[in-house]
Amino acid sequence: MLKRTHGAGTLRASHAGDTVTVCGWVRRRRDQGGVIFIDLWDRSGLVQTVFDSSDAAAAHAVADQCRGEFVVALRGVVRPRPAGTENPRLDTGAVELRVSEAEILNPSRTPPFLLTDEQVSEEIRLLHRYVDLRRPKMQANLALRHRVVKACRDTLDAEGFWEVETPCLIRSTPEGARDYVVPARVSPGGFYALPQSPQLFKQMLQVSGVERYFQIARCFRDEASRADRQPEFTQIDLEMSFISQDDVFAVVERVVAAMWQAGTGTALATPFPRLSHEEALARFGSDKPDMRFGMELQDLGDLLAGSELRVFQNALASGGAIRGIAAPGCAGYSRKQIDELTELAKRFGAGGLVSILLDGEGGFRSSIQRYLTPEQVKELQERLGAGPGDLILIVADRAAVVSEALNRLRLHLGQVLGLIPENDWKFVWVLDFPLFEKDEKGGLTPSHHPFSHPKTAEDVALLDSDPEAVIASVYDLAVNGVELGSGSIRVHDPELQIKILEKIGIPREAAWERFGFLLNALSYGAPPHGGIALGVDRIAQLLAREATIRDVIAFPKAASGYDPMLDCPAPIEPEQLAELHLAVVLPAEGE
Ligand code: ASP
């Protein structure tokens, strides 16, 4: 068998005259009778090979049998391409391999799709993922992900972190999603849960004195399949002892800068700016603001407080808000365009949208014309930094609805108006989240998870008197409007931990039952500690500039967690069920 000496994509003019052996896949074959050309591809790239029946009849006969994606080994002499036939788009475009010996290592069935075809349906691609991953784009994505994760590992290693593996068969960790569970054959009726994150293990490793832990951790969350969510995903999970929030930020900034350098060659400016959660919502309507452009939200409540318009009055009377944005140069928007913006606002919960089109002569047209005085419009204009030719959009509703609707309008308009510089990376830390949020039933639920520490001693004191007002040392890192990760300084006092669990409806006894191991660990000398987790898939997707996260995961799930290649989830054998002491009760038809 011929033994490879060179990668196909590594051959250059400097190799001219060398005898080499390349191995790879037949990407394209052109038969010109006495001469056959094969574009041979391997991980390193593509090279043109030539089989001439006049001086290498045996090799030509092998080439004659080759078809797309056959695996071959080819030996021959590298020579410059004849003048005028060089291909500047190919790294190997100055040379070709004149083959004297050829061997088919393995034939291939006709590939399920052309590897050069960009239009193949994702279902077919996932069904034959092993072939799909042979495409240059997918190869580039795998390579990029490798480089980026390596940069992360190297940086954390240099910072004194230890990579520690934590188990995948555990008791459930609350991160806000449902658990995937695994029945335990040897304890009938018992189940493990797959980790939603290594949260409690990394905390216990701090109790163990590891001080600086990280893991490129696989996490599992059984969430309603939101677009572009994977049931299993990868996190850079890290935790540190004897640190403050600033120390976590500094380490993460160095890690992220190294990853961006490895992924794009871009040197990021650090430190990243910081916004409090409150300020992020006030200025951008989002806790992961896209900071690449302005069009910030402004509070207009005071200016419109005297208005006779019902929606304004109602919003303010019920503790809601009136806020707006100004879209530059949009005063000429048609009725239809305004209707589309209104629809968008409604889709995100707003009852309606007020528009004010500022014409060139200092006049205005508005959906609430008769409720507005020219003076009021002037004040609104000043507050929003708007001028003639601009469009003012106002939402009055519950504060959360106002934020979300204006956030969506801002992002939409930023996009269509071309205000967002595509090649910019604008990172931002969002911090000081409330410890709790209200759940649908009116109870308290952690805004991050229940292991986050209140920010100050005053916040600890507020736990009893006004838990909703407690600010926590919880932080998110976002870039260009995408959340990359969250973390917090943790509770290290077992009594405080119990108190917080009680607030979210887990009484002391139940807390000991579910989290006894953690509470015990905290009571055996837990150092103050904190950490964060960053989404690897999301980072790779951003760096690869892919539209879907699936294109940076080697073997992703399709919609609803289905794997077309493995055809699973799938039933298991009755014997397996019996062994596990399980019975399957299917929902009735239509449920
Ligand atoms: N465990 C958290 C998560 O997975 C991250 C953290 O708090 O460090 O979101």
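Every chain's residues receive numbers from 1 upward, in the order its sequence appears when written. For a predicted model such as this one, the threshold for reporting local features is a pLDDT of at least 70, and the threshold for listing and counting side-chain atom pairs is 80 or more; totals across whole chains, interfaces and linings nevertheless cover every residue. Here the side-chain values reflect all heavy atoms present in the structure, with hydrogen atoms and water set aside.

Q: If you had to explain the nonpolar core to someone new, which residues and values would you point to?
A: In this structure, L156, V256, W260, F427, W429 and L477 are the most contacted members of the largest nonpolar core, which totals 41 residues. Elements represented by at least two residues in this core include exactly α4 (136-158), β10 (232-241), α6 (245-264), β17 (427-431), β20 (474-479), β21 (482-489), β22 (529-535) and α16 (536-544). Broken down by element, this core gets its largest block of residues, eight residues, from α6. What makes two residues a contact is simply this: any of their non-hydrogen atoms within 4.5 Å. The contact partners of W260, leaving out residues within four places of it in the chain, are G265, T266, L268, W425, F427, L484, I539 and L543. Within the second largest apolar cluster, 32 residues are counted, among which are V207, V430, F433 and L444. Throughout, nonpolar core names a set of buried Ala, Val, Leu, Ile, Met, Phe, Trp, Tyr and Cys residues whose side chains join them through atoms within 4.5 Å. Here's how the labels work: a residue is buried when its accessible area is under 20% of the maximum for its type, exposed when over 50%, partly exposed in between, all with a 1.4 Å probe on protein chains only. Each helix is a run of DSSP H or I of at least 4 residues and each strand a run of E of at least 2, with the numbering of both proceeding from the N terminus.

Q: Outline unusual backbone geometry, supporting the account with residue identities and numerical values.
A: Omega for the bond connecting T270 with P271 falls within 30 degrees of zero, at -5 degrees, which places this linkage in the cis form. Mapped onto the elements of the fold, P271 is located in the loop between α6 and β11 (274-276). The omega angle of the peptide bond from C568 to P569 is 10 degrees, so this bond is cis rather than trans. Relative to the assigned elements, P569 resides in the loop between α16 and α17 (574-579). Phi at M295 takes a positive value of approximately 50 degrees, unusual for a residue other than glycine. As for its position among the elements, M295 is in the loop between α7 (277-284) and β12 (298-299). A relative accessible area of 13% places M295 in the buried class.

Q: Lay out the sheet that holds strand β5 (residues 95-106) with the relevant residues and their values.
A: The pairing criterion is simple: DSSP has to find at least two bridges between the two strands. The five strands lie next to each other as β1-β2-β3-β5-β4, forming a closed barrel whose pairing is mixed. Taking each pair of neighbouring strands and ignoring which way they run, the sheet shows an average axis angle of 55 degrees. To obtain each axis, a line is fitted to C-alpha atoms, and for helices this fit is confined to the stretch in contact; angles are then taken between N-to-C directions over 0 to 180 degrees. On the sheet, helix α1 (residues 57-65) packs against β1 (19-32), β2 (35-42), β3 (45-52) and β5 and is oriented at approximately 65 degrees with respect to β5.

Q: An account of the site of the ligand is needed here, citing residue identities and associated values.
A: The rule for a residue being near a molecule or strand is that one of its heavy atoms must lie within 4 Å of it. In the vicinity of the ligand there are 14 residues, among which E175, Q199, K202, H448 and R490 approach most closely. Nitrogen and oxygen atoms within 3.5 Å of one another constitute a polar contact, given that in protein one can donate a hydrogen and the other can accept it, and given that sequence-neighbouring residues count only through two side-chain atoms. At 3.1 Å from a nitrogen atom of the ligand is found a side-chain nitrogen or oxygen belonging to S197. A distance of 2.7 Å separates an oxygen atom of the ligand from a polar side-chain atom of K202. Here the ligand has 270 Å² of accessible area as a free molecule, and 95% of this is covered by the chains. At the level of secondary structure, the elements contributing two or more residues to the shell around the ligand comprise α5 (199-207), β21 and β22. Among the elements that take part in the shell around the ligand, β22 stands out by supplying three residues, more than any other. Gly is placed with the polar residues, together with every amino acid not listed as nonpolar (Ala, Val, Leu, Ile, Met, Phe, Trp, Tyr, Cys and Pro) or charged (Asp, Glu, Lys and Arg). Considering only residue class, the shell around the ligand consists of two nonpolar, eight polar and four charged. To measure how exposed things are, a 1.4 Å probe is used in the Shrake-Rupley method; for residues, cover is taken only from the protein chains shown.

Q: With reference to specific residues and values, describe the packing of aromatic side chains.
A: Stacked, tilted and edge-to-face pairs are distinguished by plane angle, under 30 degrees for stacked and over 60 for edge-to-face with tilted covering the rest, among Phe, Tyr and Trp rings (Trp via its six-membered ring) whose centres lie within 6.5 Å. Here the structure, examined in full by the defined rule, presents eight aromatic pairs. With a centroid separation of 3.9 Å and an interplanar angle of 10 degrees, the aromatic rings of F249 and W429 are classed as stacked. Of this pair, F249 sits in helix α6 while W429 is found in strand β17, placing the two residues 180 residues apart along the sequence. The exposure classification of F249 matches that of W429, with both residues buried. Ring centres 4.5 Å apart and planes at 10 degrees place the aromatic pair F272 and F427 in the stacked group. Within this pair, whereas F272 is found in the loop between α6 and β11, its partner F427 is found in strand β17, the two being separated by 155 residues in sequence. Each member of the pair, F272 as well as F427, carries the same accessibility label: buried. Connected via pairs of aromatic rings, a cluster forms that spans W260, F272, W425 and F427. For the cation-ring pair, R27 lies above W41, with the distance from its terminal atom to the ring centre recorded as 4.6 Å. Over a ring means this: the NZ of a Lys or the CZ of an Arg is within 6 Å of the ring centre and within 35 degrees of the ring normal. Lying across the ring of F293, R410 places its NZ or CZ 3.9 Å from the centre.

Q: Residue-level account of the packing of helix α13 (residues 457-465) against helix α14 (residues 494-503), with values.
A: At their nearest, the axes of α13 and α14 sit 11 Å apart, and the two run at 40 degrees to each other. By the criterion of interaxial angle, the relationship of α13 to α14 is oblique. Crossing hand, α13 versus α14: left-handed. Across the interface between the two elements, V460, L463 and D464 of α13 pack against L496, K499, I500 and K503 of α14. Residues belonging to the contact of α13 with α14 are distributed by class as follows: four nonpolar, no polar and three charged. The scheme is simple: roughly parallel for angles under 35 degrees, roughly antiparallel for over 145, roughly perpendicular for 65 to 115, oblique for anything else. In this scheme the handedness of a crossing depends on how the near helix is turned from the far one: anticlockwise by less than a right angle means left-handed, clockwise means right-handed.

Q: Mind laying out the side chain of T49, listing which residues take part and the relevant values?
A: With respect to the helices and strands, the residue T49 is situated in strand β3. Given the relative accessible area of 0%, T49 is considered buried. Beyond its immediate chain neighbours, meaning those up to four positions away, T49 contacts I36, F37, I38, L40, L74, L97 and V99.

Q: Pulling in residues and values, what's your account of the pairing of β5?
A: Where β3 meets β5, two bridges bridge the pair, whose relative direction is parallel. If you follow T49 over to β5, its bridge partner there is L97. Relative to β5, strand β4 (residues 71-80) runs antiparallel, the two sharing 10 bridges. Its bridge partner being in β5, V71 is matched across the sheet by N106.

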